[in-house]
Amino acid sequence: WRGSGTEYDDTRYHLRVLPLEEKGEGTSGGGGAEAAAMGRLRTRFDITAYWNPSIPVGPDGSARVTFRLPDALTRYRIRAVAVTAGERFGVGTARVRVDRPLAVEAAAPRFARAGDQWRLGAIVQNRTAAPLPARVVCTLDGGTLAGDSVWTGTIPPGLTRRAEFAVRTRSAGTLRYRLRASATTPAGPLADAVERSLPVELPLEQRTEVAFGRAAP
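Values in this document were obtained by computation on a predicted structure and should not be read as measured data. (Residues numbered from 1 in each chain as written. Predicted model: local features only at pLDDT ≥ 70, side-chain atom pairs only at ≥ 80, totals over all residues. Heavy atoms only, no water.)

Participant: Provide a residue-level description of the overall build of the chain, including the pertinent values.
Facilitator: Assigned secondary structure in the chain consists of one helix and 12 strands. Seen in sequence order, the chain has helices and strands lined up from the N terminus as α-β-β-β-β-β-β-β-β-β-β-β-β. Expressed as a percentage of its 217 residues, the buried residues of the chain come to 29%. Considering only contacts in the chain between residues 6 or more positions apart, those separated by 24 or more positions represent 65%. (Helix = DSSP H or I, 4+ residues; strand = E, 2+ residues; numbered from the N terminus. Buried < 20%, exposed > 50% of the residue type's maximum accessible area, 1.4 Å probe, protein only. Contact = heavy atoms within 4.5 Å.)

Shown next, in the form of structure tokens:
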């Protein structure tokens, strides 16, 4: 049997190549009570959704576990490995996809330095069959916005748009930012929100020192 592995997705919609159906096609899963969670701030982005090395099995040979998926809008592969007392193995695999009709993801550097001014990107994806007049609001802690905090635009069906916000970091610490996207459709409002953070480091100062002297014979 094959060992376990990890699969990753990329927020750049048009650059991904997936072995199965393209993300966003078919029926989307909402990760539970979708209508109630649409506007909830997504903050948990664990790579591994769940790990349990020992799950008791009932007399009928079945087991049940309950866990909460991370907040990433992606596809997860669930793998169960069963072993008997006689060291016989079995493997089962399933996939579940977490998706939303309107999704927003952050495009930001891994870190910033105190005194930097840079642009925070918001990748807004329309996974519906109709154009969406979207609105994105950016708020942050640990820095200031050097321009507008609101972006509006129409996103064609099945495509993405990038909104940008000018950010200025003044001191070292942690910059925490929130991106909230919303749209109104005939069927009702759509929304998504994400919160991320990045470290703000002190600026580096380049210093060159030269030492010289005279050697005695």
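Participant: Give me the lowdown on the packing of aromatic side chains, citing residues and values where you can.
Facilitator: Per the stated rule, a full pass over the model turns up one aromatic pair. Judged by centre distance (4.6 Å) and plane angle (10°), the ring pair of Tyr50 and Phe67 falls under stacked. Pair noted here: Tyr50 is in the loop between β1 (41-42) and β2 (75-83) and Phe67 is in the loop between β1 and β2, with a separation of 17 residues, a long-range link. Given a relative accessible area of 34%, Tyr50 falls into the partly exposed group. (Phe/Tyr/Trp six-rings, centres within 6.5 Å; stacked < 30°, edge-to-face > 60°.)

Participant: Which residues make up the pattern of salt bridges, and what are the values?
Facilitator: Here the structure, examined in full by the defined rule, presents 13 salt bridges. A salt bridge links Arg42 to Glu105; the shortest N-O distance between them is 3.4 Å. Taken as a pair, Arg42 in strand β1 and Glu105 in strand β4 (residues 102-107) lie far apart in primary sequence, 63 residues in all. Overall, Arg42 belongs to the buried group, its relative accessible area being 1%. Its relative accessible area of 10% is what places Glu105 among the buried residues. One connected set of salt bridges, linked through shared partners, spans Arg42, Arg100, Glu105 and Asp192. (Salt bridge = Lys/Arg side-chain N within 4 Å of Asp/Glu carboxyl O.)

Participant: Break down the nonpolar core for me, citing the residues and quoting the values.
Facilitator: Phe165, Leu175 and Leu179 are the most contacted members of the largest nonpolar core, which has 27 residues in total. Mapped by element, the contributors of at least two residues to this core are β4, β6 (117-126), β7 (132-141), β9 (150-155), β10 (160-168), β11 (173-185) and β12 (188-201). Residues contacting Phe165, with those up to four places away along its chain left out, are Trp118, Arg119, Leu120, Ala122, Val136, Cys138, Leu145, Asp148, Ser149, Val150, Trp151 and Leu179. Listed in part, the five residues of the second largest apolar core include Ala72, Tyr76, Val98 and Ala103. (Core = buried A, V, L, I, M, F, W, Y, C linked by side-chain atoms within 4.5 Å.)

Participant: So what's going on with the side chain of Thr185? Residues and values would help.
Facilitator: Note that Thr185 resides in strand β11. Contact partners of Thr185, with chain neighbours within four places excluded, come to Leu132 and Leu190.

Participant: Residue-level account of the pairing of β4, with values.
Facilitator: Each regular strand shows side chains that alternate between the opposite faces of the sheet. With respect to burial, β4 is a largely interior element, five of its six residues being buried. Pairing between β4 and β6: six bridges, direction antiparallel. Each bridged residue has a counterpart across the sheet, and for Leu102 the counterpart in β6 is Asn126. (Pairing = 2+ DSSP bridges.)

Participant: Please set out the environment of Gly173 residue by residue, giving values where relevant.
Facilitator: Inspection of the secondary structure puts Gly173 in strand β11. Residue Gly173 is classed as partly exposed on the basis of its relative accessible area, which comes to 36%. Each C-alpha atom, one on Gly173 and one on Glu201, is 6.6 Å from the other, the two residues being 28 residues apart in sequence.

Participant: Now, about the pairing of strand β3 (residues 89-97): what can you tell me, with residues and values included?
Facilitator: Of the pairings in the sheet, the one linking β2 to β3 comprises nine bridges and is antiparallel in character. Paired with Ala80 across the bridge in β3 is Gly92. Remark: five residues form the turn of the hairpin made by β2 and β3, two consecutive strands paired antiparallel; Glu87 in that turn has positive phi of roughly 60°.

Participant: Can you tell me about the sheet that holds β4, naming the residues and giving the values?
Facilitator: The antiparallel open sheet is built from four strands, whose spatial order is β4-β6-β10-β8. Since the sheet does not close on itself, it has two edges, and those belong to β4 and β8 (144-145), each with one partner.

Participant: Break down the environment of Asp116 for me, citing the residues and quoting the values.
Facilitator: Among the structural elements, Asp116 can be located in the loop between β5 (112-113) and β6. Considered as a pair, Asp116 and Val200 are 84 residues apart in the sequence and their alpha carbons are 9.3 Å apart. Other than its neighbours up to four places away in sequence, Asp116 contacts Val167, Arg168 and Thr169.

Participant: Residue-level account of the side chain of Asp192, with values.
Facilitator: Tracing the backbone through its elements, the reader meets Asp192 in strand β12. A polar side-chain atom of Asp192 sits 2.6 Å from a polar atom in the side chain of Arg100. (Polar contact = N/O pair within 3.5 Å; in protein donor to acceptor, adjacent residues only side chain to side chain.)

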